[in-house]
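Each chain, written out:
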There are 2 protein chains.
Amino acid sequence: MVLIFVGLGVWDEKDISLRGLEAVRNADIVFAEFYTSPLAGRRIERMEKIYGRKIIVLKREDIEENDFILEHAKEKNVVLLSAGDPMIATTHVDLMLRAVENGIKTEIIHASSVYSAVAGACGLQIYKFGRSATVSPPFRDVISEVPYETVIENRKRGLHTLLFLDINMSIGYALNLLEEIERRRMSSEMDAEMDDELVKSGDRNEDDCDMRAGGMIGGISDVLFVGIARVGASDQVVKADYIDALRTYDFGDPPHILVAVGNLHFMEKEALIKLADAPLL
Amino acid sequence: MVLIFVGLGVWDEKDISLRGLEAVRNADIVFAEFYTSPLAGRRIERMEKIYGRKIIVLKREDIEENDFILEHAKEKNVVLLSAGDPMIATTHVDLMLRAVENGIKTEIIHASSVYSAVAGACGLQIYKFGRSATVSPPFRDVISEVPYETVIENRKRGLHTLLFLDINMSIGYALNLLEEIERRRMSSEMDAEMDDELVKSGDRNEDDCDMRAGGMIGGISDVLFVGIARVGASDQVVKADYIDALRTYDFGDPPHILVAVGNLHFMEKEALIKLADAPLL
């Protein structure tokens, strides 16, 4: 019959659209998944009460490893609920493509997404965001440099960067990781430069190395960040500051997200001061 | 009292969230504006019927040139409805900042936005989009080169580009504009190079100029585009192709939007073939 991907929007059970609610109420069976994007302010019981339907929460393997949903969708009208705008998760794109291969009709019902909501919450202009990236926890002491590089590359073009944090990761922890990436890159650059020096001059010049390290300032500590906690909630927190101040700021519960700010239009500046209590820029 | 910016989402009156509907129903007065973003599938009468409230549609001057809304918001609970996610329009950020200056509480109720909806409709990964741009009609024969430059710059980094089209502009017209920009840039580059040649060699070498022009191929005609009409509507059209084929494709009524495709992940390739009928890539 049909498989409808219904977005639940940014925060809680009230961020679904009227169109989404209608689809839920008309469906033969209603599934939901919260492993690609967290529950945030949602509670299954409240969703079931407001939507008037029983909701079956699926595990990763029910979506990625078997055709559980597709088997249902061959004979029934199936809704799959997920947080945010549903097609942001590649898992859902993959499921949709498998549905198409199986001759099952599909539909997307859009909802609010952190992608547009975060820009609005900070008063930053969305067309000035470059590509986004995710800050992931270290794996066996390896830290992905992608978020750091994305920030630096976007800033060279004056662009803002949206940084997603791993589920339950705090803004403070993410900022520490970004700083640690920079520290490691600096020390490996310094090592390389010192090796060059040794080859050239035949002795090691500590002063020179210090000067070069000093020359690296202009890195992450010069970046204005905006931390946003619980986007779209009534207790949403938006605070702009530099890394040293922001690291210890109390944002409360996750989900947390970060924006690394690029060049600012005068209205963006004013917005960051008035909406995000930014230090005078 | 309070000024609440309520997003209406991507397509019609059913794309508002339950939270947005609740705010509309609890407001003392409900305004709407459709000059920053079009009505799309919405009809005021249907909105009034479904939301159960009278809606007052404002003109640009009521929002940008006077304090009409703020005067109301000092004493009443005011809702301002607009298409998409409300803070995407800088006009609304400006209004919010003026409200804050006047000591008026503000609130944002998010909704679906073309920013995330378009990526999902094509099956493209949103984190691979670079900055976006708008294609505007020529003004006194001057065509803004920004959208063209944005596509080229993003493509150098393998990134996709979302191109907004001016209200009522068709995909075919926008593609012609992009091609015209390239043509003008090529001919001015050729002129500059010919001048160089004249200085260096003392005579004009047409063959050389032709070869250089040939060397420019690898421009816009090599870019895969996705055209999307009426995002989020039941008659939404999504079609991927190169400029020559896409230019004459019948997308039906506006709003239209374009994506210039960068490097493709294998799942994105599959999605463009299956969801956007892309030529085999």
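Residues numbered from 1 in each chain as written. Chains lettered and ligands numbered in written order. Predicted model: local features only at pLDDT ≥ 70, side-chain atom pairs only at ≥ 80, totals over all residues. Heavy atoms only, no water.

**Observations concerning the side chain of B:Thr91**
Residues and elements named next belong to chain B.
Piece 1. Mapped onto the fold, Thr91 is located in helix H5 (residues 90–101).
Piece 2. By relative accessible area, which is 14% here, Thr91 ends up buried.
Piece 3. Discounting residues that sit within four places of it in the chain, Thr91 has contacts with Tyr35, Thr36, Ile63 and Glu64. (Helix = DSSP H or I, 4+ residues; strand = E, 2+ residues; numbered from the N terminus. Buried < 20%, exposed > 50% of the residue type's maximum accessible area, 1.4 Å probe, protein only. Contact = heavy atoms within 4.5 Å.)

**A look at the packing of aromatic side chains**
All names here are of chain A.
Piece 1. If you walk through the whole model with that rule in mind, you get six aromatic pairs over all chains.
Piece 2. Between Phe31 and Phe68, the aromatic rings sit 5.4 Å apart at their centres with planes inclined by 55°, giving tilted as the arrangement. Residue Phe31 is found in strand S2 (residues 29–32), and its partner Phe68 is found in helix H4 (residues 68–75); the two are separated by 37 residues along the sequence.
Piece 3. Relative accessible area serves as the criterion here: at 1%, Phe31 is assigned to the buried category. (Phe/Tyr/Trp six-rings, centres within 6.5 Å; stacked < 30°, edge-to-face > 60°.)

**A closer look at the interface of chain B and chain A**
Piece 1. Contact residues are listed per partner, giving 53 residues for chain B and 53 residues for chain A.
Piece 2. Summing the contributions of chain B and of chain A, the shared interface buries around 4400 Å²; its carbon and sulfur component is 64%.
Piece 3. Remark: the boundary between chain B and chain A carries ten salt bridges.
Piece 4. For A:Arg157, the salt bridge is made with B:Glu153, and the minimal N-O distance between the two is 3.5 Å. (Buried area = accessible area lost by both parts, 1.4 Å probe. Salt bridge = Lys/Arg side-chain N within 4 Å of Asp/Glu carboxyl O.)

**Here's the deal with unusual backbone geometry**
Residues and elements named next belong to chain A.
Piece 1. Residue Pro255 is bonded to the preceding Pro254 through a cis peptide linkage, with omega at 5°.
Piece 2. Relative to the helices and strands, Pro255 is located in the loop between helix H10 (243–246) and strand S10 (256–260).
Piece 3. The phi dihedral of Arg230 falls on the positive side, at around 55°, and the residue is not glycine.
Piece 4. Looking at the element boundaries, Arg230 is found in the loop between strand S8 (224–229) and strand S9 (237–242).
Piece 5. A relative accessible area of 7% means that Arg230 is categorised as buried.

**Observations concerning the nonpolar core**
Piece 1. Counting 54 residues, the largest nonpolar core has A:Val226 and B:Val226 as the members making the most contacts within it.
Piece 2. Beyond its immediate chain neighbours, meaning those up to four positions away, B:Val226 contacts B:Cys122, B:Val238, B:Lys239, B:Ala240, B:Leu246, B:Ile257, B:Leu258, B:Val259, B:Val261, B:Leu272 and B:Ala276. (Core = buried A, V, L, I, M, F, W, Y, C linked by side-chain atoms within 4.5 Å.)

**Focus: the pattern of salt bridges**
Piece 1. Across all of its chains, the model carries 50 salt bridges over all chains by this definition.
Piece 2. For A:Asp94, the salt bridge is made with A:Arg98, and the minimal N-O distance between the two is 3.4 Å. Linking A:Asp94 with A:Arg98, this pair stays in helix H5 (residues 90–101), spanning four residues, or about one helical turn.
Piece 3. According to the relative accessible area criterion, A:Arg98 is buried, its value standing at 16%.
Piece 4. Across the pair B:Glu179 and B:Arg247 runs a salt bridge whose closest N-O atoms are separated by 2.9 Å. Of this pair, B:Glu179 sits in helix H8 (residues 171–201) while B:Arg247 sits in the loop between helix H10 (243–246) and strand S10 (256–260), and the two are 68 residues apart along the sequence.
Piece 5. Assessed through its relative accessible area of 17%, B:Glu179 is described here as buried.

**Focus on the relation of the copies chain B and chain A**
Piece 1. Mapping chain B onto chain A leaves a residual RMSD of 0.1 Å; the transformation is a rotation of 180° accompanied by 0.0 Å of translation along its axis. Within this description, the copies of the chain are treated as partners about a two-fold rotation axis.
Piece 2. With an isologous cut-off of 70% or more, the 100% of interface residues of chain B that recur at the interface of chain A puts this contact in the isologous class. (Least-squares fit on C-alpha atoms with pLDDT ≥ 70 in both.)

**Considering a nonpolar patch on the surface**
Piece 1. Where nonpolar side chains cluster on the molecular surface, the patch consists of A:Tyr242, A:Ile273, A:Leu280 and A:Leu281 and spans about 380 Å² of accessible area.
Piece 2. By secondary structure assignment, the location of A:Ile273 is in helix H11 (residues 266–276). (Patch = residues over 30% accessible without salt bridge, like charges linked within 9 Å, V, L, I, M, F, W, Y side chains within 5 Å. Areas by Shrake-Rupley, 256 points an atom, 1.4 Å probe, with all protein chains shown as cover.)

**Topic: the sheet that holds strand S3 (residues 56–57) of chain B**
Residues and elements named next belong to chain B.
Piece 1. The five strands lie next to each other as S3-S2-S4-S1-S5, forming an open sheet whose pairing is parallel. Of all strands in the sheet, those bounded by a partner on one side alone are S3 and strand S5 (105–109).
Piece 2. Taken together, the four bridges between strand S2 (residues 29–32) and strand S4 (residues 77–82) define a ladder with parallel strand orientation. Looking at the pairing, Val30 lines up with Val79 of S4. (Pairing = 2+ DSSP bridges.)

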